[in-house]
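Understanding the architecture of this molecule
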Amino acid sequence: MTKIKLLSVFAIFILMISGCQKEEENSPQQNASTENSSLRIYTGFPETMEGGSKSSYGTADVVLTTGSWNFNDALIGTLVNDHKNGTKAARIENTGMLTMNFDVTTGAAKVTLVYAEYGTDAASTFGLWYSANSGASWIQAGTTVTASSPTLNTATFTLSVSGNVRFQLRKLSGGRLNIDDFSIDDNIVAGPPDNDNITMGNPSGAVTNAASPNNYLLIKAQYDMGYNNSKGECGWVSWHLGSSDLGSTTRCDCFTLDAYLPTSFFRAAPTAYSGSGFDRGHQCPSADRTDNSANNAATFLMSNMLPQAPNLNQVTWAALEDYERTLINQGNEVFVIAGGYGTGGTGSHGGVTSTVNSGNINVPSHCWKVIVVLPVGNNDAARVTSSTRVIAVDMPNKQTVNAHTWGYYRVSVDAIEAATGYDFLSNISTTTQSVIEASVDNGPTQ
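Some words on the overall build of the chain
Check the secondary structure of the chain and you find 6 helices and 20 strands. Long-range contacts, defined here as pairs at least 24 residues apart, represent 74% of the contacts in the chain between residues at least 6 apart. Of the roughly 16500 Å² of accessible surface on the chain, 49% is carried by carbon and sulfur atoms.

Pasting the structure below:
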């Protein structure tokens, strides 16, 4: 599936400021796989309720990040007794309902939400309904769920609905109910999605489960990453770059805390590197997402940064980024995976620095990148052959790195796998991998 990359500027800034990618807790109703698959969460989801406001129970439409929802006997709760991730959750009383006033367009394979009793209210029951005819009629999805705890739990509803579909959540009985983090996975299940950010594979087998904080899969429209909470930074970031990603949008310079990370995780503030002698080094570059302001802004989330020596970030690393875009202008598309390994870099203050931000963020000793170059086309993973150009680099995180051009730092993919423990290009046949991962690129560098 090609990710939908157009998201309104309003939505992305609300999400960056207020939204949270929520920590999930198991419940008897939960049946979600924690393994990565080709099912994708629709752009804008999960609906975190953070982007709207409604302070009374009366019936009204509310514009949220994902679109317009009808709240019937429901409001957006912000009180201490509202059990929520972030600052807001829906609160429903009596037999109230939450109803989407819009359709998603490529069906639904799974709906996931978190729920809890409001305050210390009595247990309640609720269910999920869906409509494939714009709300003219409704069908219940799965079975009724009982909320019997003030602790947030996760309910997962498995479906097989194609085409246009919208959802309605109905409270059926009992005390007041909190609902948060409403997610819809599309129903496209056809191998590695073309142009998906991890078409070439998930290097660490990261999972979207906060119980794996040091190998947490964070999925965005602009890039995917494996986040390492103990190091306070991404382990790897992976993205697709094509001509449609490049436009005339200017660099926003809007560094922002990543509120998509679970609230229990360390989330670096924009000032986390201040005075350290290290740059906020983009992994997915700002210049790779200039098609619109929202996508450019997403590259400035702090989870997409690593502490990089200024001469690495601004000179040698930047030159390789420029070359990647040159490849696009030559009629190619590329898949890029980048990250760091080790501990201890040398920034503008000299010496060796192991951590910044009072020890919360690891300073890598090396920064690496793997680039798969393909002529523009479809079925990308299947088109990789033993003659496909793969560029791998391993650069020291030091001020002296610019003594050489980026081409000097080319190594094999196998060498980076040995240094990081990752498995790159895992969606490619093992026969092809054995060839392209053992080779060191000797192609042009400009």
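Here we look at the nonpolar core
With 49 residues, the main nonpolar core has Trp239, Val334, Ile391 and Met395 as its most contacted residues. Looking at this core, the elements with two or more residues in it are strand 10 (216-219), strand 11 (224-228), strand 12 (233-241), strand 14 (305-308), helix 3 (310-329), strand 15 (332-341), strand 18 (366-375) and strand 19 (389-396). Looking at this core element by element, the count peaks at 6 residues for helix 3. For Ile391, the residues in contact, after removing those within four places along its chain, are Tyr323, Leu327, Lys369, Val370, Ile371, Val373, Trp406, Arg410 and Asp441.

Observations concerning the state of the cysteines
Under the counting rule described, the total for this entry stands at 1 disulfide. What pairs with Cys252 in a disulfide is Cys254, and their sulfur atoms sit 2.0 Å apart. One quick way to see it: the torsion about the S-S bond of Cys252 and Cys254 is about -65 degrees, and its sign makes the bridge left-handed.

Brief notes about the pairing of strand 4 (residues 108-117)
Residues in a regular strand project their side chains so that they alternate between the two faces of the sheet. Of all 10 residues in strand 4, 10 are buried; the element is thus mostly enclosed. Alignment of strand 4 against strand 7 (residues 153-161), held across 7 bridges, turns out to be antiparallel. Note that in strand 7 the partner of Lys110 across the bridge is Thr158. Here strand 4 runs beside strand 9 (residues 177-185); their pairing, made up of 7 bridges, is antiparallel. In the strand pairing of strand 9, Val114 is matched with Asp180.

Regarding the confidence of the model for the chain
Per-residue confidence for the chain averages 89 on the pLDDT scale, and 89% of its residues sit at or above 70. Counting contacts from residues 1-38, a segment whose pLDDT is below 50, to residues more than four positions away or on other chains yields 119 contacts.

Examining the pattern of salt bridges
Tallied over the entire structure, the rule returns 14 salt bridges. One salt bridge connects Asp245 with Arg289, and the closest N-O pair in it is separated by 3.5 Å. Taken together, the residues span a long stretch of sequence, with Asp245 in the loop between strand 12 and strand 13 (279-282) and Arg289 in the loop between strand 13 and helix 2 (293-298) at a distance of 44 residues. Taking relative accessible area as the criterion, Asp245 reaches 0% and is therefore assigned buried. Residue Arg289 is classed as buried on the basis of its relative accessible area, which comes to 0%. Between Arg325 and Asp322 there is a salt bridge, and its shortest N-O distance comes to 2.8 Å. With a gap of 3 residues between them, Arg325 and Asp322 both fall in helix 3, about one helical turn apart. Look at Asp322 and you get partly exposed, because its relative accessible area is 45%.

Looking at the environment of Ala89
For Ala89, the location among the structural elements is in strand 3 (residues 89-100). In this structure Ala89 comes out as buried when scored by relative accessible area, which is 0%.

Overview of the side chain of Gln283
Tracing the sequence through the fold places Gln283 in the loop between strand 13 and helix 2. Gln283 sits in the buried class, given a relative accessible area of 0%. Of note is the side chain of Gln283, whose polar atom sits 3.2 Å from the backbone oxygen of Gly281. If we ignore the near neighbours within four places in the chain, the residues touching Gln283 are Cys234, Val237, Trp239, Asn304, Leu306, Gln308, Trp317, Glu321, Ala338 and Gly339.

Overview of the environment of Pro396
Mapped onto the elements of the fold, Pro396 is located in strand 19. Non-local contacts of Pro396, meaning those with residues more than four positions away in its chain, are made with Leu312, Ser365, His366, Val401 and Tyr409.

Section: the packing of aromatic side chains
Tallying each qualifying case throughout the model produces 12 aromatic pairs. Seen in terms of ring centroids, Tyr323 and Trp406 are 5.3 Å apart; in terms of plane orientation they differ by 35 degrees. Their pairing is tilted. Of this pair, Tyr323 sits in helix 3 while Trp406 is found in the loop between strand 19 and strand 20 (410-411), placing the two residues 83 residues apart along the sequence. Taken individually, Tyr323 and Trp406 each receive the classification buried, so the pair is uniform in this respect. For the ring pair Tyr408 and Tyr409, a centre distance of 5.0 Å and an interplane angle of 90 degrees mean the geometry is edge-to-face. By relative accessible area, which is 53% here, Tyr408 ends up exposed. Here the aromatic residues Trp69, Phe102, Phe167 and Phe182 are joined through ring pairs into a cluster of three or more. Stacked on the ring of Phe255, the Lys or Arg Arg280 has its end atom at 3.5 Å from the ring centre. Above the ring of Trp317, the side-chain terminus of Lys369 is found at 4.5 Å from the ring centroid.

A closer look at helix 3
Between its terminal C-alpha atoms helix 3 stretches 27 Å, which fits the 28 Å expected from 20 residues at 1.5 Å a residue. Taking the largest bend as the criterion, helix 3 deviates by roughly 45 degrees, centred on Ala318. Immediately downstream of helix 3, the backbone of Gly331 shows phi near 95 degrees, a positive value.

Let's talk about the sheet that holds strand 20
A sheet is described by the order of its strands in space; here 7 strands give the open sequence 10-11-12-15-18-19-20, paired in antiparallel fashion. Each edge of the sheet is formed by a strand with only one pairing partner; in this case those strands are strand 10 and strand 20. Where strand 18 and strand 19 come together, 8 bridges link them in antiparallel fashion. Bridge assignment links Trp368 to a residue of strand 19, and that residue is Asp394. Helix 5 (residues 413-420) rests against strand 15, strand 18, strand 19 and strand 20 of the sheet, and its axis sits at about 140 degrees to strand 18.

What counts as what
Residues numbered from 1 in each chain as written. Predicted model: local features only at pLDDT ≥ 70, side-chain atom pairs only at ≥ 80, totals over all residues. Heavy atoms only, no water. Helix = DSSP H or I, 4+ residues; strand = E, 2+ residues; numbered from the N terminus. Contact = heavy atoms within 4.5 Å. Areas by Shrake-Rupley, 256 points an atom, 1.4 Å probe, with all protein chains shown as cover. Core = buried A, V, L, I, M, F, W, Y, C linked by side-chain atoms within 4.5 Å. Buried < 20%, exposed > 50% of the residue type's maximum accessible area, 1.4 Å probe, protein only. Disulfide = S-S within 2.5 Å. Pairing = 2+ DSSP bridges. pLDDT = per-residue confidence, 0-100. Salt bridge = Lys/Arg side-chain N within 4 Å of Asp/Glu carboxyl O. Polar contact = N/O pair within 3.5 Å; in protein donor to acceptor, adjacent residues only side chain to side chain. Phe/Tyr/Trp six-rings, centres within 6.5 Å; stacked < 30°, edge-to-face > 60°. Lys NZ or Arg CZ within 6 Å of the ring centre and 35° of its normal. Expected span 1.5 Å × (residues − 1). Bend = angle between axes of the 7 residues up to and from the residue. Axes fitted to C-alpha atoms, helices over the stretch in contact; angles between N-to-C directions.

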